[in-house]
Amino acid sequence: MTVTPDRPTPSAAADTTAAAVPDGAPKPAIIDRFLASNRAYAVGFEDGGMDARPVQKVTVVACMDARLDLFAALGLELGDAHVIRNAGGVVTDDTIRSLTISQRALGTRSIALIHHTGCGLLGLTEDFRRELELEVGQRPQWAVESFVDLDGDVRQSMQRVRTSPFLLHTDDVRGFVFDVHTGLLREIV
């Protein structure tokens, strides 16, 4: 059930937190580090008085892959956009739910769909679900939504959005593939 990443996994020697922990002492759990970072962040935090409505009236649907820094790649600032992320950046029923709320309750009008090269869903099969069922004794209710044709899946996602009866604004829906090696977006038409 494992997926081979398309880049090497950092070694423990490359972990910068290892030097801060004395030999034999337990390494802080990542979520504990999040809490410490949050406390430091909150010291300088200023409420900008932003509304929940995105300033740019756009929603971005993208893969959850940790290599995608969407705010930097798209030139977004805090408050500019809604960002919906899931495995593969595929348009599922839950994605439609979030898009519907984004449009109908919070005023967004444009949708950018972003898949990427080297995605873990490329080539993954429904065998993943069967293996999971054998392991835990229960079949997942969700589909893997894997794909072998990256551009084709972007087109399918655009079609799912454009044909949803729940969405008010489907005239500005565009799809892209982000190249994880160059940082460039390639538009899919």
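For the structure given in this document, a descriptive report is provided here. Just so we're clear, the structure is a prediction, and the values are computed from it rather than from any experiment. (Residues numbered from 1 in each chain as written. Predicted model: local features only at pLDDT ≥ 70, side-chain atom pairs only at ≥ 80, totals over all residues. Heavy atoms only, no water.)

## Things to note about the overall build of the chain
Link 1 in the chain: Check the secondary structure of the chain and you find 5 helices and 5 strands.
Link 2 in the chain: Along its sequence from the N terminus, the chain presents helices and strands in the succession α-β-α-β-α-β-α-α-β-β.
Link 3 in the chain: Buried positions account for 33% of the 189 residues belonging to the chain.
Link 4 in the chain: Long-range contacts, defined here as pairs at least 24 residues apart, represent 64% of the contacts in the chain between residues at least 6 apart.
Link 5 in the chain: Entry remark: accessible area of the chain is about 12000 Å², with carbon and sulfur atoms responsible for 56%. (Helix = DSSP H or I, 4+ residues; strand = E, 2+ residues; numbered from the N terminus. Buried < 20%, exposed > 50% of the residue type's maximum accessible area, 1.4 Å probe, protein only. Contact = heavy atoms within 4.5 Å. Areas by Shrake-Rupley, 256 points an atom, 1.4 Å probe, with all protein chains shown as cover.)

## Looking at unusual backbone geometry
Link 1 in the chain: With phi around 55 degrees, K57 is a residue other than glycine that occupies positive phi space.
Link 2 in the chain: Locating K57 in the fold gives a position in the loop between α1 (30-43) and β1 (58-63).
Link 3 in the chain: Assessed through its relative accessible area of 43%, K57 is described here as partly exposed.
Link 4 in the chain: At E145, a position not held by glycine, the phi torsion is positive, near 65 degrees.

## Structural notes on the sheet that holds strand β5 (residues 185-188)
Link 1 in the chain: A sheet is described by the order of its strands in space; here 5 strands give the open sequence β2-β1-β3-β4-β5, paired in mixed fashion. Pairing within the sheet leaves two strands with one partner each, and these edge strands are β2 (81-86) and β5. Strand-to-strand twist across the sheet, computed as the mean angle between neighbouring axes with direction ignored, equals 25 degrees.
Link 2 in the chain: This element, helix α3 (residues 93-104), spans β1, β2 and β3 (110-116) of the sheet and lies at about 175 degrees to β2.
Link 3 in the chain: In this fold helix α5 (residues 150-162) packs onto β3, β4 (173-178) and β5, with an angle of close to 155 degrees to the strand it touches most, β4. (Pairing = 2+ DSSP bridges. Axes fitted to C-alpha atoms, helices over the stretch in contact; angles between N-to-C directions.)

## Thoughts on the layout of surface pockets
Link 1 in the chain: Computed from the structure, the second largest pocket encloses a volume of approximately 220 Å³.
Link 2 in the chain: Contributing to the lining of the second largest pocket are 14 residues, with V58, V60, I111, A112 and F176 lying nearest its centre.
Link 3 in the chain: Sorting the residues of the lining of the second largest pocket by element identifies β1, β3 and β4 as the ones contributing at least two each.
Link 4 in the chain: Looking at the lining of the second largest pocket element by element, the count peaks at 4 residues for β3. (1 Å grid on protein atoms, 1.4 Å probe; cavity = no way out; pocket = protein on both sides within 12 Å on 5 of 7 lines; lining within 4 Å. Points joined across faces, edges and corners; volume = space filled by probe spheres on them.)

## Considerations on a nonpolar patch on the surface
Link 1 in the chain: A contiguous nonpolar surface patch, about 400 Å² in accessible area, is contributed by I30, I31, F34 and L35.
Link 2 in the chain: As for its placement among the helices and strands, I31 is situated in helix α1. (Patch = residues over 30% accessible without salt bridge, like charges linked within 9 Å, V, L, I, M, F, W, Y side chains within 5 Å. Salt bridge = Lys/Arg side-chain N within 4 Å of Asp/Glu carboxyl O.)

## Some points on the pairing of β3
Link 1 in the chain: With 7 of 7 residues buried, β3 is to be regarded as a mostly interior element.
Link 2 in the chain: Side chains of β3 alternate between two faces, with S110, A112, I114 and H116 and I111, L113 and H115 buried alike.
Link 3 in the chain: Both β1 and β3 contribute to a ladder of 5 bridges, which runs parallel. Looking across to β3, one finds that A62 is bridged to I114.
Link 4 in the chain: As defined by bridge partners, β3 adjoins β4 across 6 bridges and the pair is classed as parallel. For H116, the partnering residue across the bridge sits in β4 and is F178.

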